[in-house]
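Observations on chain architecture
So you can see what is in the structure, the chains are spelled out below.
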Amino acid sequence: MKAIRTVAVAVILAATALTASAQRSMGVIAGVEFSDLKIGGEKLVATSGVDLYHAGFTLRQNLGKGFSLQPSILYQRKGFDFKNGEGEDASARLGYLNVPIAVSWGPNLLAFRPFIEAVPFFGIGLDGKLTKGGDSLSDVWKSMSFNRFEVGAGLGGGIEIWIFQLSARYNWTFNKLQKPETNNVGGWAESLKDCVKDAQFSGVTVSLAVLF
């Protein structure tokens, strides 16, 4: 009788563990960024660089009835290219520690799962560099008075097939890139700072996650 109880407890614990693992998945995630700076919905500067990306870790928790919660921790690289009135080109690249928290819904169709998602996020700037020709300005957060903190949200969708999850969404950053009080940097960087005043990041994020 004792042996039967022991086996029963072991079976229950094993079933609970399997159920828990089936409801939760961890993995890695990476993708590309197509970021823009906009004022009042109008694109301010174009982004042509291919070095805009994100990468990190993700955790998906199934909530039942098609819903899931998926927070991630990412290193996210945004940027923009700028041409001033004299035709001089400059580029800015900003690195963030970003935490998106995706809330998704989609039916499980056995072989695959399409889904839609809403994704609030917040981040903090880690590194940044402003470059024009051979000149560079590495301390952009202080000298350019860029705001290290960002808060925003995204809307999108995707599809899950086996352990792979492909998603795309459009993001809006609620706060402005530049702080209200700005420093006077002078030179070629001053025209860029005047241009990005009141600008906010937006753009498309495309991600591929592998979940285990």
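Residues numbered from 1 in each chain as written. Predicted model: local features only at pLDDT ≥ 70, side-chain atom pairs only at ≥ 80, totals over all residues. Heavy atoms only, no water.

**Digging into the confidence of the model for the chain**
- Averaged over every residue, the pLDDT of the chain is 82; the share at 70 or more is 78%.
- Per-residue pLDDT, averaged within each element of the chain, yields its smallest value for helix H1 (residues 2-23) (46) and its largest for strand S8 (residues 149-161) (97).
- Contacts for the low-pLDDT stretch residues 3-21, under 50 throughout, to residues beyond four places or in other chains number 0 contacts. (pLDDT = per-residue confidence, 0-100. Helix = DSSP H or I, 4+ residues; strand = E, 2+ residues; numbered from the N terminus. Contact = heavy atoms within 4.5 Å.)

**Some points on the pairing of strand S9 (residues 164-173)**
- The alternating pattern of S9 places Gln-165, Ser-167, Arg-169, Asn-171 and Thr-173 on a buried face, while none of Phe-164, Leu-166, Ala-168, Tyr-170 and Trp-172, on the opposite face, is buried.
- As defined by bridge partners, S8 adjoins S9 across 10 bridges and the pair is classed as antiparallel. Each bridged residue has a counterpart across the sheet, and for Glu-160 the counterpart in S9 is Gln-165.
- Hairpin geometry of S8 and S9 is characterised by an intervening segment of 2 residues between the two adjacent antiparallel strands and by a positive phi of about 60° at Trp-162.
- The pairing of S9 with strand S10 (residues 200-211) spans 9 bridges and is classified as antiparallel. Its bridge partner being in S10, Ser-167 is matched across the sheet by Ser-207. (Buried < 20%, exposed > 50% of the residue type's maximum accessible area, 1.4 Å probe, protein only. Pairing = 2+ DSSP bridges.)

**A word on the packing of aromatic side chains**
- On inspection of all chains with the given rule, the structure shows 5 aromatic pairs.
- Consider the rings of Tyr-53 and Tyr-75, whose centres lie 6.2 Å apart with planes at 45°: the pair is tilted. Remark: Tyr-75 occurs in strand S4 (residues 67-83) and Tyr-53 occurs in strand S3 (residues 53-64); sequence separation between them is 22 residues.
- Classification of Tyr-53 as partly exposed rests on a relative accessible area of 35%.
- Overall, the relative accessible area of 25% leaves Tyr-75 in the partly exposed class.
- Both rings, one in Phe-80 and one in Phe-201, keep their centres 6.3 Å apart while their planes meet at 55°; by these two values the pair is tilted. Residue Phe-80 is found in strand S4, and its partner Phe-201 is found in strand S10; the two are separated by 121 residues along the sequence.
- We classify Phe-201 as buried; its relative accessible area is 4%.
- The ring of Tyr-96 carries the charged tip of Lys-78 above its face, separated from the ring centre by 5.4 Å. (Phe/Tyr/Trp six-rings, centres within 6.5 Å; stacked < 30°, edge-to-face > 60°. Lys NZ or Arg CZ within 6 Å of the ring centre and 35° of its normal.)

**Here we look at a nonpolar patch on the surface**
- Together, Leu-63, Phe-67, Leu-69, Ile-101, Val-103, Trp-105, Ile-116, Phe-122, Val-151, Leu-155, Trp-172 and Phe-174 make up an exposed nonpolar region whose accessible area comes to about 1,200 Å².
- Mapped by element, the contributors of at least two residues to the nonpolar patch are S4, strand S5 (89-105), strand S6 (113-132) and S8.
- In terms of residue count, S5 provides more of the nonpolar patch than any other element does, 3 residues in total.
- Tracing the chain through its elements places Phe-67 in strand S4.
- Relative accessible area serves as the criterion here: at 43%, Phe-67 is assigned to the partly exposed category. (Patch = residues over 30% accessible without salt bridge, like charges linked within 9 Å, V, L, I, M, F, W, Y side chains within 5 Å. Areas by Shrake-Rupley, 256 points an atom, 1.4 Å probe, with all protein chains shown as cover. Salt bridge = Lys/Arg side-chain N within 4 Å of Asp/Glu carboxyl O.)

**Examining the nonpolar core**
- Residues Phe-80, Leu-94, Phe-146 and Leu-177 are the most contacted members of the largest nonpolar core, which totals 18 residues.
- Residue assignment for this core shows that the elements contributing at least two residues are S4, S5, helix H2 (140-143) and helix H3 (187-195).
- Top element by residues in this core is S5. It accounts for 4 residues. (Core = buried A, V, L, I, M, F, W, Y, C linked by side-chain atoms within 4.5 Å.)

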